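# Secondary and tertiary structure notes
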Amino acid sequence: MTPLTGCLLVSSLLFAVGLAGALTRRNTILVLVGIELMLNAANLNFVAFWRFGHHAGPSTGVIFGLFSIGVAAAEAAVGLALILAVYRHAKTTDLSQLTGRPQ
Amino acid sequence: MASTVWIVRYLWLIPALPLLAAGIGALLKQRQRRFAATIAIGAMGISLVLALAAFAHLLHEPQRLFLNFPWMQAGSDWVKLGWMLDPLAAVMLVMVTFVGLLIFIYSTAYMHHDENFTRFFCFLSLFAGAMLGLLIANSLLLLFMCWEVVGLTSYLLIGFWYERPAAAAAAKKAFITTRVGDLGLLLGMVWLYGQTGTLLFYDGGAGCMEQGPLSLLTAKTLTGIALLIFCGAVGKSGQLPLHVWLPDAMEGPTPVSALIHAATMVAAGVYLVARVYPLMSVSTNALEVVAWVGALTAIFAALVAVAQDDIKRILAYSTVSQLGYMMLGIGVGGVSVGIFHLIAHAFFKALLFLGAGSVIHGLMGEQDIREMGGVRKWMQVTFATYAVGTLALCGFPLFFSGFWSKDAILHAAYGWNISRVPFYLGAIGALLTAFYMTRQVCYVFFGHKRRDPAPDPIAPSETAASDPHEAAHESPAAMTVPLMILAGFAVLLGFIGTPAWPWLQAFLEMRHSGVDFGQLAENGLLPLMLGSSLLVFAGLGLGWWIYGRRPIRHAADADALEKLQPAVFHALRQGLYIDQLYAQTVLRLAWWVAVVANWLERWVWSGIPLMVSALTKGLGWIDFSLDRWVVNKGFDEGCDGVADGGRLLARLQDGRVQNYLRYLGAAVAALALFLLLGHRG
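Rules behind the numbers
Residues numbered from 1 in each chain as written. Chains lettered and ligands numbered in written order. Predicted model: local features only at pLDDT ≥ 70, side-chain atom pairs only at ≥ 80, totals over all residues. Heavy atoms only, no water. Helix = DSSP H or I, 4+ residues; strand = E, 2+ residues; numbered from the N terminus. Buried < 20%, exposed > 50% of the residue type's maximum accessible area, 1.4 Å probe, protein only. Contact = heavy atoms within 4.5 Å. Buried area = accessible area lost by both parts, 1.4 Å probe. Salt bridge = Lys/Arg side-chain N within 4 Å of Asp/Glu carboxyl O. Polar contact = N/O pair within 3.5 Å; in protein donor to acceptor, adjacent residues only side chain to side chain. Phe/Tyr/Trp six-rings, centres within 6.5 Å; stacked < 30°, edge-to-face > 60°. Lys NZ or Arg CZ within 6 Å of the ring centre and 35° of its normal. Core = buried A, V, L, I, M, F, W, Y, C linked by side-chain atoms within 4.5 Å. Axes fitted to C-alpha atoms, helices over the stretch in contact; angles between N-to-C directions. Parallel < 35°, antiparallel > 145°, perpendicular 65-115°, else oblique. Nonpolar A, V, L, I, M, F, W, Y, C, P; charged D, E, K, R; others polar. Patch = residues over 30% accessible without salt bridge, like charges linked within 9 Å, V, L, I, M, F, W, Y side chains within 5 Å. Areas by Shrake-Rupley, 256 points an atom, 1.4 Å probe, with all protein chains shown as cover. Pairing = 2+ DSSP bridges. Lys, Arg positive; Asp, Glu negative; His and termini not counted. Expected span 1.5 Å × (residues − 1). Bend = angle between axes of the 7 residues up to and from the residue. pLDDT = per-residue confidence, 0-100. Disulfide = S-S within 2.5 Å. Left-handed = near helix turned anticlockwise from the far one by under 90°.

### A word on the overall build of chain A
What chain A contains, in helices and strands, is three helices and zero strands. For chain A, the succession of helices and strands along the chain, N to C, is α-α-α. Across its three principal directions, the C-alpha atoms of chain A cover 55 × 25 × 15 Å. For chain A, the proportion of its 103 residues judged to be buried stands at 26%.

The following block contains the structure:
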């Protein structure tokens with residue numbers, strides 16, 4: 001088992017956990033947390049392929065990962081803001097009740 | 001030339017003013033009686049002044065003035081209309097406006113109690129306007145238009161008391177009967193236009209009454225056109241065989257009878273013949289027909305008048321008879337002879353009708369001469385004027401207008417080179433005229449009050465109150481003054497056309513005249529005058545002998561002639577069964593034609609539309625079925641499919657975000673599997 005395989009296994013696990021959280025949690029914030037997990041699984045893949053790849057340069061995988069984290073931060077901020085707005089409107093963050101249809 | 005003479009330029013005002021009055025009168029309320037009468041009489045008065053001005057203009061220099069103007073374009077030609085002033089028109093204008101004005105004034109009293117007073121004056125003014133327009137028309141077309149309006153007002157005024165069935169029927173009869181004649185006039189007019197290309201009477205040498213265009217026509221065409229135009233005159237002037245409407249027209253108010261059906265409108269036919277006399281005279285046959293029709297009408301109507309019992313019907317038949325004389329006069333002697341009698345007749349017949357109206361008014365609507373009697377005692381003015389009118393109509397020698405005018409006709413007929421029969425017919429007619437007028441006067445004015453002594457079985461209690469003779473009274477001044485004025489003219493007018501000083505004849509023929517008593521003795525005139533005087537005396541004497549000596553005592557008593565010859569008398573009373581003849585022939589024919597036409601219309605002509613309609617309905621049904629079961633059904637099915645699909649897809653989009661994520665996850669998983677397996681494979 002190469003270090004790369006181990007990294008990929010970890011990231012797969014991380015992605016699966018995130019997916020499961022995103023699919024099963026009712027609370028919007030926890031769904032967002034799940035999505036962040038899946039995103040970080042992808043980031044882990046970037047870094048792993050950069051570290052164990054053949055043409056590793058100083059500014060390829062890592063820079064990509066950094067940008068991805070930055071975008072994720074912005075996305076989390078926007079997501080949380082949306083959740084706040086939804087909460088103010090619907091007085092709930094329960095996704096099963098936020099269907100857009102009249103209850 | 002014409003446009004420089006102011007009177008011709010403003011000639012149109014003469015008919016326009018009464019027309020304007022009629023227009024205003026039509027807008028008035030029923031209550032504005034005084035205003036309606038005032039504008040009608042005012043307009044007529046101004047027209048009279050203008051007519052007198054026009055007359056005076058021609059007086060010292062008789063000439064023919066006209067003013068033509070293009071009216072509308074027909075094809076490449078302009079149809080021209082125009083008006084004219086010549087001695088004939090001027091004399092007629094003065095007569096119509098003057099008599100009309102007097103009758104208007106008379107009507108204010110006669111129609112005083114009528115609730116439709118304003119409507120009456122509106123119609124009268126409309127009539128006057130159209131009649132005056134007819135007189136000044138310098139175009140057969142314009143004349144025809146006015147002619148028809150005059151016919152319309154005649155219809156309206158005969159049927160003025162339209163709630164009476166008899167009046168409504170008489171109005172229709174008058175309108176339809178004259179329409180028969182008018183059809184002839186219209187055809188003649190169209191033919192004339194087709195031949196000469198103009199309907200203007202005078203147009204500086206190019207008018208259809210002038211030498212140039214007339215010489216284009218062949219003799220037969222001329223006769224045809226002249227006779228067709230004469231048809232119109234026959235209808236309007238109540239000549240045989242279209243006289244039937246005129247006696248019935250007496251259902252109208254008496255001033256209407258006086259104005260329209262005695263003095264003016266019925267004379268329009270004579271005027272028409274006089275107006276187209278140049279055309280008539282080129283064709284001798286046409287004038288011959290005119291003379292014969294006139295003579296036969298004169299004798300026929302005089303005969304029938306002998307046996308009538310309605311005061312107005314006697315006068316109506318008398319009018320028919322006198323119109324016959326006018327036609328005879330024009331036919332045998334020319335325009336001036338006929339028009340002289342026309343003018344004289346207009347005055348004395350208007351006088352007689354107004355007198356009869358005064359009697360009727362005084363007797364609260366009684367018209368049967370058998371119910372009258374002794375009226376002389378309480379209506380002295382009416383009696384005196386009526387006597388003057390009677391003597392004028394009979395042609396009492398020397399001092400009455402009818403003598404001179406009728407003698408002129410008889411003299412002309414005597415000298416007619418074709419036949420002397422019209423002369424004898426006219427002479428016998430003169431005798432009969434004197435006879436029936438004496439009969440009427442004896443019945444109405446002499447004797448004593450007659451009234452069926454038996455009480456009225458229907459309403460016995462009301463007989464005393466409604467007995468007309470109890471309430472009889474002399475008429476108001478508005479009625480008697482016109483009577484007196486007309487009586488004056490009935491005497492004086494004779495002297496403008498005596499053989500010694502034929503001023504009117506000369507004026508109409510645009511000559512100058514002088515006094516020449518020697519004329520009286522020439523051409524066998526004196527014996528003729530003596531003979532006709534004897535006839536008149538004979539008629540008067542006979543009438544007095546039969547009716548004056550022993551007036552009947554009761555209204556139900558038989559007439560003296562009826563005792564003598566009941567069958568003849570009844571035939572005459574029925575107008576020699578002309579009405580019945582028409583009912584049996586023309587009307588029955590028309591009825592059958594109507595039945596056949598109705599059948600054809602119902603079952604033949606309408607069959608085609610019915611078939612087309614059925615076919616259309618069938619096609620419509622097919623179209624409808626296709627539309628409903630094919631086009632609509634298919635479209636509906638398609639729409640349902642789309643809707644179902646939409647509903648199915650909408651179920652996927654249920655708003656649960658996590659479901660979307662699940663689909664996404666499943667898709668990614670499937671993609672990953674595909675890539676893995678595909679890579680291996």
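Next, the rest of the story.
### Thoughts on the interface of chain B and chain A
Taken residue by residue, the interface counts 10 residues in chain B and 11 residues in chain A. Around 840 Å² of area is buried between chain B and chain A when both sides are counted, 54% of it from carbon and sulfur atoms. Contact with chain A buries surface across chain B, with Arg-656, Gln-658 and Leu-661 of chain B losing the most and accounting together for 55% of the total. For the interface between chain B and chain A, the tally reads zero salt bridges. Along the contact surface separating chain B from chain A lie four residue pairs in polar contact (both at pLDDT 80 or more). The set of elements that each furnish at least two residues to the side of chain B that touches chain A consists of helix H28 (607-652) and helix H29 (657-680) of chain B. Tallying contributions element by element places H29 of chain B first for the side of chain B that touches chain A, with four residues.

### Describing the packing of aromatic side chains
All names here are of chain B. Inspection of every chain in the model, using the stated rule, returns 28 aromatic pairs over all chains. Their ring planes at 50° and their centres at 5.2 Å tell us that Tyr-386 and Phe-445 sit as a pair that is tilted. One end of the pair, Tyr-386, is in helix H17 (residues 380-394); the other, Phe-445, is in helix H19 (residues 421-445), with 59 residues separating them in the sequence. Relative accessible area serves as the criterion here: at 1%, Tyr-386 is assigned to the buried category. Of the residues examined, Phe-445 reaches a relative accessible area of 0% and is grouped as buried. Above the ring of Tyr-202, the side-chain terminus of Arg-64 is found at 3.8 Å from the ring centroid.

### Brief notes about the nonpolar core
The biggest cluster of nonpolar side chains holds 216 residues, and the ones touching the most others in it are Leu-85 and Leu-279 of chain B. In this view, Leu-85 of chain B contacts Ile-7, Val-8, Leu-11, Ala-54, Leu-58, Gln-63, Arg-64, Leu-65, Ala-90 and Leu-93 of chain B; residues no more than four positions away in its chain are not counted.

### Description of the pattern of salt bridges
All names here are of chain B. Tallied over the entire structure, the rule returns 12 salt bridges over all chains. Between Asp-248 and Lys-173 there is a salt bridge, and its shortest N-O distance comes to 2.8 Å. Of the two residues, Asp-248 is situated in helix H10 (residues 245-248) and Lys-173 in helix H7 (residues 165-196); the sequence distance between them amounts to 75 residues. Residue classification places Asp-248 among the buried positions, given a relative accessible area of 18%. Classification of Lys-173 as partly exposed rests on a relative accessible area of 22%. Overlapping salt bridges, with partners in common, bring together Asp-309, Asp-368, Arg-370, Arg-439 and Arg-573 in one network.

### A few points about the packing of helix H2 (residues 28-52) of chain A against helix H3 (residues 61-90) of chain A
All names here are of chain A. For the pair H2 and H3, interaxial distance at closest approach is 9 Å and the crossing angle is 175°. When the interaxial angle is binned, H2 and H3 end up roughly antiparallel. Residues Thr-28, Ile-29, Leu-32, Ile-35, Glu-36, Leu-39, Asn-43, Phe-46 and Trp-50 of H2 lie in contact with H3, whose contacting residues are Gly-61, Val-62, Phe-64, Gly-65, Ser-68, Ile-69, Ala-72, Glu-75, Ala-76, Gly-79, Leu-80 and Ile-83. Looking at side-chain class alone, the contact of H2 with H3 contains 13 nonpolar, six polar and two charged residues.

### Overview of the side chain of Ser-257 of chain B
You can see Ser-257 of chain B is positioned in helix H11 (residues 254-263). If sequence neighbours within four positions are ignored, Ser-257 of chain B has contacts with Ala-249, Met-250, Gly-252, Ala-262, Lys-312 and Phe-353 of chain B.

### Notes on a nonpolar patch on the surface
Together, Leu-615, Leu-619, Trp-621, Ile-622, Phe-624, Leu-626, Trp-629, Val-630 and Val-631 of chain B make up an exposed nonpolar region whose accessible area comes to about 1,000 Å². By secondary structure assignment, the location of Val-630 of chain B is in helix H28.

### Concerning the pairing of strand E1 (residues 65-74) of chain B
One face of the sheet, then the other: side chains in a regular strand alternate in exactly this way. Residue and element names in this part refer to chain B. Where E1 and strand E2 (residues 77-85) come together, nine bridges link them in antiparallel fashion. Looking at E2, one finds that Pro-70 is bridged to Lys-80. Hairpin connection of E1 to E2: two residues between the antiparallel strands, including Gly-75 at a positive phi of 65°.

### Quick notes on the side chain of Lys-312 of chain B
All names here are of chain B. Along the chain, Lys-312 turns up in helix H15 (residues 311-333). Summary of buried charges: Lys-312 has no salt-bridge partner, and the nearest side chain of opposite charge, Asp-310, is 6.8 Å away. A distance of 3.2 Å separates the side chain of Lys-312 from the side chain of Ser-257, its partner in a polar contact. Sequence-distant contacts of Lys-312, defined by excluding residues within four places in its chain, comprise Met-250, Gly-252, Pro-253, Thr-254, Ser-257, Phe-353, Ile-360 and Gln-367.

### Here's the deal with H7 of chain B
All names here are of chain B. Its 32 residues place the ends of H7 46 Å apart at the C-alpha level, agreeing with the 46 Å of an ideal helix rising 1.5 Å per residue. Within H7, the axis deviates most sharply at Val-180, by approximately 30°. Gly-197, located one to two residues past H7, shows a positive phi value of around 75°.

### What to know about helix H9 (residues 219-236) of chain B
Residues and elements named next belong to chain B. Compared with an ideal rise of 1.5 Å per residue, which puts 18 residues at 26 Å, H9 spans 26 Å between its outermost C-alpha atoms and is within 8% of the ideal. Counting buried positions along H9 gives 13 out of 18 residues, so the element sits mostly inside the fold. Downstream of H9 by a residue or two, Gly-238 has a phi angle that is positive, lying close to 60°.

### Examining the confidence of the model for chain B
Model confidence for chain B is summarised by a mean pLDDT of 85, while 95% of its residues fall at 70 or above. Low pLDDT (under 50) marks residues 452-470 of chain B, which in the prediction has 16 contacts with non-local residues, meaning those over four places away or in another chain.

### Remarks on the state of the cysteines
The full count for this structure, using the stated rule, is zero disulfides over all chains. The thiol of Cys-146 of chain B is unpaired, and the distance to the nearest cysteine sulfur, on Cys-208 of chain B, comes to 16 Å.

### Focus: the packing of H17 of chain B against H19 of chain B
Residue and element names in this part refer to chain B. At a closest axis distance of 9 Å, the pairing of H17 and H19 adopts a crossing angle of 165°. Compared by their axis directions, H17 and H19 come out roughly antiparallel. For the element pair H17 and H19, the recorded crossing hand is left-handed. On H19, the residues that touch Thr-382, Phe-383, Tyr-386, Thr-390, Leu-393 and Cys-394 of H17 are Thr-433, Ala-434, Met-437, Gln-440, Val-441 and Phe-445. Tallied by class, residues from the contact of H17 with H19 come to eight nonpolar, four polar and no charged.

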